[in-house]
Amino acid sequence: MSEPRLSADRRLVSALLVTVCRFLTGIRSRWQSEPEPEKIRIYYANHSSHLDGLVIWSSLPPQMRTQVHPVAAADYWLGSRLKRYLALRIFGAVLVERRPTGQHEAEPAEKQIANGAVVNKDVLLPLKQALDNQHSLILFPEGTRGSGEQLNPFKSGLYHLSKAYPQVELVPVWLDNLNRVLPKGSRLVVPIICSATFGTPQPGVAEGEDKQAFLARTKAALEAIAP
């Protein structure tokens, strides 16, 4: 996988963010199997901090960072010019629309009314386009931030995405201590040593494997690498 030529601002800001991230978190990355930059994969992790995506991205080998894209909430990352610049220009994030609280989450496509006609909107389309372009993804199947101590139930998005791309391997990533670096509801960053453990790649949805079995399997694989 060749690394695209980056503009001067992307090289400078990316290097600065990686340096700051490592200073604040003392991040130690551990790989249970060697990273393979040429492979398209979905990296999925526990979610307890706004820094989670940055920490995983910073832990990747430099040649992989332009080809691995965090999946993030559009409403948050488009909320200011700075966040928009970082998300789109620096991280190359894949932005998705969050469903309203309480909306049924079981299916990847939701029905909308447009000019009196019912149309289907595939909320996973931006993720599928990235995979179609031979790029990898970083996503958080819990959907919302948790305590950092235990996993919340997985949403079904990971299942539907893997079912559409069963050949793409899934890599669990356990982030430890990120909830203490930037506690929920706080804007104060507390420097604490953190770790990112990249587990053994898991196969995608197997033939005949239903949603509950798949989500239980992938959740267990992530819990198994927790410190």
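From a predicted model like this one, the values you see are computed outputs, not experimental measurements. (Residues numbered from 1 in each chain as written. Predicted model: local features only at pLDDT ≥ 70, side-chain atom pairs only at ≥ 80, totals over all residues. Heavy atoms only, no water.)

So, on to the overall build of the protein. In terms of regular secondary structure, the protein is built from eight helices and nine strands. Counting the 227 residues in the protein, one finds 48% classified as buried. In the protein, of all internal contacts separated by at least 6 residues, the share reaching a separation of at least 24 is 72%. (Helix = DSSP H or I, 4+ residues; strand = E, 2+ residues; numbered from the N terminus. Buried < 20%, exposed > 50% of the residue type's maximum accessible area, 1.4 Å probe, protein only. Contact = heavy atoms within 4.5 Å.)

It is worth spelling out the side chain of Ser 195 at this point. Structurally, Ser 195 can be placed in strand E9 (residues 195–198). In this structure the side chain of Ser 195 is engaged in a polar contact, spanning 3.5 Å, whose partner is the side chain of Arg 30. Sequence-distant contacts of Ser 195, defined by excluding residues within four places in its chain, comprise Ile 27, Arg 28, Arg 30, Trp 174, Leu 175 and Asp 176. (Polar contact = N/O pair within 3.5 Å; in protein donor to acceptor, adjacent residues only side chain to side chain.)

Take the pairing of strand E8 (residues 169–176) next. Counted residue by residue, E8 has six buried out of eight residues, so it is predominantly covered. Relative to E9, E8 runs antiparallel, the two being bridged by four bridges. Pairing of Leu 175 across the sheet is with Ala 196, part of E9. (Pairing = 2+ DSSP bridges.)

Contact geometry of helix H1 (residues 8–25) with helix H4 (residues 81–90) gives a least axis separation of 11 Å together with a crossing angle of 110°. As judged from the angle between their axes, H1 and H4 are roughly perpendicular. Here Asp 9, Arg 10, Val 13, Ser 14 and Leu 17 of H1 come into contact with H4, specifically with Tyr 85, Leu 86, Arg 89 and Ile 90. Taken together, the residues that form the contact of H1 with H4 break down as five nonpolar, one polar and three charged. (Axes fitted to C-alpha atoms, helices over the stretch in contact; angles between N-to-C directions. Parallel < 35°, antiparallel > 145°, perpendicular 65-115°, else oblique. Nonpolar A, V, L, I, M, F, W, Y, C, P; charged D, E, K, R; others polar.)

Okay, H4 next. Within the sequence span of H4, burial applies to Leu 86, Ala 87 and Ile 90. Seen along its axis, H4 keeps its buried residues to an arc of 120°; they face one direction. Contacts made by the buried residues of H4 are with H1, helix H2 (52–59), helix H3 (74–77) and strand E4 (94–96). Remark: Gly 92 follows H4 within two positions and exhibits a positive phi of approximately 60°. (Arc of directions from axis to C-beta.)

Right, let's talk about the packing of aromatic side chains for a bit. Counting across every chain of the model gives seven aromatic pairs. Ring plane angle 75° and centroid distance 5.1 Å describe the contact between Trp 57 and Phe 91, whose orientation is recorded as edge-to-face. Of this pair, Trp 57 sits in helix H2 while Phe 91 sits in the loop between H4 and E4, and the two are 34 residues apart along the sequence. Since its relative accessible area comes to 10%, Phe 91 is described here as buried. Through pairs of rings, three or more aromatic residues link up here, namely Trp 57, Tyr 76, Trp 77 and Phe 91. (Phe/Tyr/Trp six-rings, centres within 6.5 Å; stacked < 30°, edge-to-face > 60°.)

Once that is clear, we can look at the environment of Pro 61. Residue position: Pro 61 is located in the loop between H2 and strand E3 (68–73). Accessibility expressed as a relative area gives 18% for Pro 61, which makes it buried. For the pair Pro 61 and Glu 36, spaced 25 residues apart in the sequence, the C-alpha separation amounts to 9.6 Å. Apart from residues lying up to four places away in sequence, Pro 61 is in contact with Trp 31 and Pro 35.

Per-residue confidence for the protein averages 84 on the pLDDT scale, and 81% of its residues sit at or above 70. Across residues 101–106, where pLDDT falls below 50, the model places nine contacts with residues more than four positions away in sequence or in other chains. This stretch, residues 111–120, has a pLDDT under 50; its non-local contacts, to residues over four places away or in other chains, come to 11 contacts. (pLDDT = per-residue confidence, 0-100.)

With that settled, consider the nonpolar core. Counting residues in hydrophobic clusters, the biggest one holds 28 residues, and the most contacted among them are Ile 42, Tyr 44, Leu 127, Leu 137, Leu 139, Leu 158 and Leu 161. Sorting the residues of this core by element identifies strand E2 (41–45), E4, helix H5 (125–132), strand E7 (136–139), helix H6 (157–164), E8 and helix H8 (211–223) as the ones contributing at least two each. Residues within four places of Ile 42 in sequence aside, it is in contact with Leu 131, Leu 137, Leu 139, Leu 158, Leu 161, Val 168, Glu 169, Leu 170 and Val 171. One finds Ala 45, Leu 60, Val 173 and Phe 198 within the second-largest nonpolar core, a separate group that totals 27 residues. (Core = buried A, V, L, I, M, F, W, Y, C linked by side-chain atoms within 4.5 Å.)

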